Amino acid sequence: MQHRRRTVHSAAKLVTRKRKQLNKRRVKSVSKKGVRTRRYVMPPTREEISPHIPVLSVIIPAMNEVKTIGRVIRQALRICRDSEVIAVVNGSTDGTAAAAQAAGARVLLYTEALGHDAGRRMGAAAARGRVLLFTDADIPIPAEQLAPYVQAILDGTDVALNDYDGPVKRIPVHPVVEAKHVLNSILARPDLQGASMTAIPHALSRRALDVIGVPSLEVPPLALAKAVLGGLEVRAVHHVPVGKMNAVRVKRRSGPDPLSQLVLNDHLTAIRWITDKLGPRGGYSDLQRVRCLTR
């Protein structure tokens, strides 16, 4: 009986010693203004030690798109076997989140309406893939039409844009279409014509995301300006006629279209950044004019 008590006591001491060793690994001592506190640190999980990096992350902002989100996600999942689809469901009052999850997406859920651009930012921040592909929840684009953007990034392009100029033959030309062409001219990239990060689909490399910065994705023209002036490989790689594919939503309003005003202001933000970086003329010469003589 006494031998058994000693055995139990020894086993208890062993357990206590093991527990102390484990706690030493899990608890770090933190000194703050002379006061020593203890912060519990969880040991890393297997995924944190060796996280899987998929080839592709498809990012889809969505708000009240329950009718189309499933088809969009299923096409996205067809592009590449080693991929993840992130649906950034924001401000929805229907079953968009449940439909996205049922279709196979990882859902980031926000009760507030973020808008497409902020949704892309949040999705990019959560994405793990080597290639980031952006599309919208209301336009089911076949996987065969999305794959060229992914392939372009894998082949060395940093920013793969939709080769879509917009309806340039309409009279008058829509001011948003004009703004896209003007910005590309200012960036000395008239070859891009109306291609823009404002339009989907488009794709980024990890290098592009580092140069542009995740927050800049909220202002797509600014992100494009940072990509071009940052020396990235920017190309219009494939044409998807999103203007024809996008459902026309008729809204009765008086005064200017608020969405157009938003996009125009985004382009002005990009131009302001260019002039701050390259000077008041955006890096262009003033030729032989001596302006100081006229003051």
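Above this note sits the structure.
What comes next concerns the included structure. Bear in mind the structure is a predicted one, so any value in this text is a computation, not a measurement. (Residues numbered from 1 in each chain as written. Predicted model: local features only at pLDDT ≥ 70, side-chain atom pairs only at ≥ 80, totals over all residues. Heavy atoms only, no water.)

Focus on empty space enclosed by the protein
Counted only if it meets this: A 1.4 Å probe that fits into a set of points on a 1 Å grid over the protein atoms alone but cannot get out defines a cavity; an open set with protein on both sides within 12 Å along at least five of seven lines defines a pocket, and lining residues are those with an atom within 4 Å of a point. Grid points are joined across faces, edges and corners, and a volume is the space filled by probe spheres set on the points. Secondary structure elements are defined from DSSP: runs of H or I of at least 4 residues count as helices, runs of E of at least 2 residues count as strands, and each element is numbered from the N terminus.
Considering all chains together, one arrives at one cavity of 30 Å³ or more under this definition. Size it by volume and the largest cavity reaches roughly 50 Å³. Taken together, Asp117, Arg120, Phe134, Met197, His202, Leu217, Pro220 and Ala223 form the lining of the largest cavity. Elements with a minimum of two residues in the lining of the largest cavity: helix H5 (116–126) and helix H9 (220–229).

Quick notes on the nonpolar core
For the record, the criterion: Here, nonpolar core refers to any group of buried Ala, Val, Leu, Ile, Met, Phe, Trp, Tyr and Cys residues whose side-chain atoms link them within 4.5 Å. Note on classification: 1.4 Å probe, protein chains only; a residue is buried when its accessible area is under 20% of the maximum for its type, exposed when over 50%, partly exposed between these limits.
Counting 35 residues, the largest nonpolar core has Leu56, Val58, Ile60, Ile73, Ile79 and Leu133 as the members making the most contacts within it. Ranked by the residues each element gives to this core, the list is headed by helix H6 (residues 143–154), at six residues.

Some remarks on the sheet that holds strand E5 (residues 106–110)
Short version of the rule: Only strands joined by at least two bridges in the DSSP assignment are considered to pair. Angles here are taken between N-to-C directions and fall from 0 to 180 degrees, while the axes themselves are lines fitted to C-alpha atoms, restricted in helices to the stretch in contact. Residues are treated as being in contact if the distance between any of their heavy atoms lies within 4.5 Å.
With mixed pairing, the seven strands of this open sheet are ordered in space as E5-E4-E3-E6-E8-E7-E9. Pairing within the sheet leaves two strands with one partner each, and these edge strands are E5 and strand E9 (234–238). Strand-to-strand twist across the sheet, computed as the mean angle between neighbouring axes with direction ignored, equals 20°. The sheet contact formed by strand E7 (residues 159–162) and E9 spans four bridges and is parallel. Paired with valine 159 across the strands is valine 234, a residue of E9. Against the sheet, helix H4 (residues 96–103) touches strand E3 (56–62), strand E4 (83–90) and E5, its axis set at about 165° to E5.

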